[in-house]
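A structural walkthrough
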Amino acid sequence: MAHLLILGWLLLRPRTVPWVPAANLQPLASIDAELARGGWSAVWHLGVPVLLLAPLGILLPLVGGRLDVSPLASMARTVFGGAMISLTIELVQSTVPGQVPDVDMVLLNTLGVALAHLLVVPGMRCRLRRRDERLRAATPRIPRVGLTPQADVFPAGRTYF
C-alpha cells in the first residue's frame, strides 16, 4: 500500500511546465523513439517505467498468501492486476495538469510486473512449500497409525461446543 501511495504522489502531482507534449495513444511509438535516440538516455527512459511497478509483481501474489496455486494462473492474475493499476494511473494522469498519458508506459509497467513475478515468486513459493513440509514433518506421529497425538483440554474427555 505504501508503494502505491508513493507512486501516486510521484506520478499524479501537478507539474508546472512551459509546454506539454501531446498524449501518446499509439502503442510502441515512444519506445521506438527512445530506442532510435539510443545511449544511456534510452536505457533510463525505458528502464524507469519497467522498474516503477515491478515490486507489485512480488507484492500482489503475497496478498493472497496461497502456496499451492498454479504458476500460470498466478502469473496471469498478477500481470492483469499490474496492468489494471498501470492503466488506472495513466487514466488519472490525463486529468492532472502537466502530466501526459502514454500507452507505452502501461506496456513497460506491465513488463516490469511480469519480470519481477517470474524472477522471484516461483522460487519464493518453492522455498516456502519446502519449509511448510519440514514443519509438518516435525510433528510427532504414532507409528503404524499415522495419527498425531492430541492432548485433551478438558480432563473428562473431548467436549465439542
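The following paragraphs examine the structure supplied in this document.

About the criteria used
- Sequence order as written defines residue numbering, which begins from 1 separately in each chain.
- Residue-level local features of this predicted model are given only where pLDDT is at least 70; pairs of side-chain atoms are given and counted only at 80 or more, and the full residue set underlies all totals for whole chains, interfaces and linings.
- For the side-chain quantities, the full set of heavy atoms in the structure was used; hydrogens and water were omitted.
- The patch calculation keeps residues exceeding 30% relative accessible area without a salt bridge and links them within 9 Å when they carry like charges or within 5 Å when they are nonpolar (Val, Leu, Ile, Met, Phe, Trp, Tyr).
- Accessible surface area values rest on a Shrake-Rupley calculation with a 1.4 Å probe, where residue burial reflects the displayed protein chains alone.
- Think of a salt bridge as a Lys or Arg side-chain nitrogen and an Asp or Glu carboxyl oxygen that are within 4 Å of each other.
- His residues and chain termini do not enter the charge count, which takes Lys and Arg as positive and Asp and Glu as negative.
- A charge is said to be at NZ when it belongs to Lys, at CZ for Arg, at CG for Asp and at CD for Glu.
- For the purposes of this entry, the term helix denotes a DSSP run of H or I that reaches at least four residues, the term strand denotes a run of E that reaches at least two, and both are numbered from the N terminus.
- Relative accessibility decides the category of a residue: with a 1.4 Å probe and only protein chains considered, values under 20% of the type maximum give buried, values over 50% give exposed, and everything between is partly exposed.
- Note on contacts: a residue pair qualifies if any of its non-hydrogen atoms lie within 4.5 Å across the two residues.
- A 1.4 Å probe that fits into a set of points on a 1 Å grid over the protein atoms alone but cannot get out defines a cavity; an open set with protein on both sides within 12 Å along at least five of seven lines defines a pocket, and lining residues are those with an atom within 4 Å of a point.
- Grid points are joined across faces, edges and corners, and a volume is the space filled by probe spheres set on the points.
- Just so you know the grouping, Ala, Val, Leu, Ile, Met, Phe, Trp, Tyr, Cys and Pro go in nonpolar, Asp, Glu, Lys and Arg go in charged, and all remaining residues, Gly too, go in polar.
- Among buried residues, the Ala, Val, Leu, Ile, Met, Phe, Trp, Tyr and Cys ones that are joined through side-chain atoms within 4.5 Å form a nonpolar core.

This part takes up a positive patch on the surface. The grouping of R127, R130, R131 and R134 at the surface amounts to a positive patch. Mapped onto the secondary structure, R127 falls in helix 6 (residues 103–137).

Moving on: the side chain of Q93. As for its position among the elements, Q93 is in helix 5 (residues 71–93). Residue Q93 is classed as buried on the basis of its relative accessible area of 6%. Sequence-distant contacts of Q93, that is, excluding residues within four places in its chain, are made with L11, L12, Q99, V100 and P101.

Once that is clear, we can look at the layout of surface pockets. Here the largest pocket is characterised by a volume of approximately 830 Å³. Mapped by element, the contributors of at least two residues to the lining of the largest pocket are helix 1 (2–12), helix 2 (29–37), helix 3 (39–52), helix 5 and helix 6. No other element matches the six residues that helix 3 contributes to the lining of the largest pocket. Split into classes, the residues belonging to the lining of the largest pocket amount to 16 nonpolar, seven polar and six charged. Approximately 150 Å³ is the volume attributed to the second largest pocket.

When the charged atoms of two side chains lie near each other, side chains of opposite charge can form a pair. Counted under the stated rule, the structure contains one salt bridge. Note that R37 and E34 form a salt bridge whose closest N and O atoms lie 3.1 Å from each other. In this pair, R37 and E34 both sit in helix 2, three residues apart, roughly one turn of the helix. You can call R37 exposed: its relative accessible area is 51%. Using a relative accessible area of 16% as the deciding quantity, one classes E34 as buried.

Listed in full, the six residues of the largest apolar core are L7, L11, L53, L56, I89 and V113. Those residues in contact with L56 that lie beyond four places of it in its chain are H3, L4, P61, T78, I85 and V113.

Here we take up a nonpolar patch on the surface. Taken together, the side chains of F80, M84, L87 and L91 make up a nonpolar region of the molecular surface, amounting to roughly 390 Å² of accessible area. Relative to the assigned elements, F80 resides in helix 5. Classification of F80 by relative accessible area gives exposed; the value is 54%.

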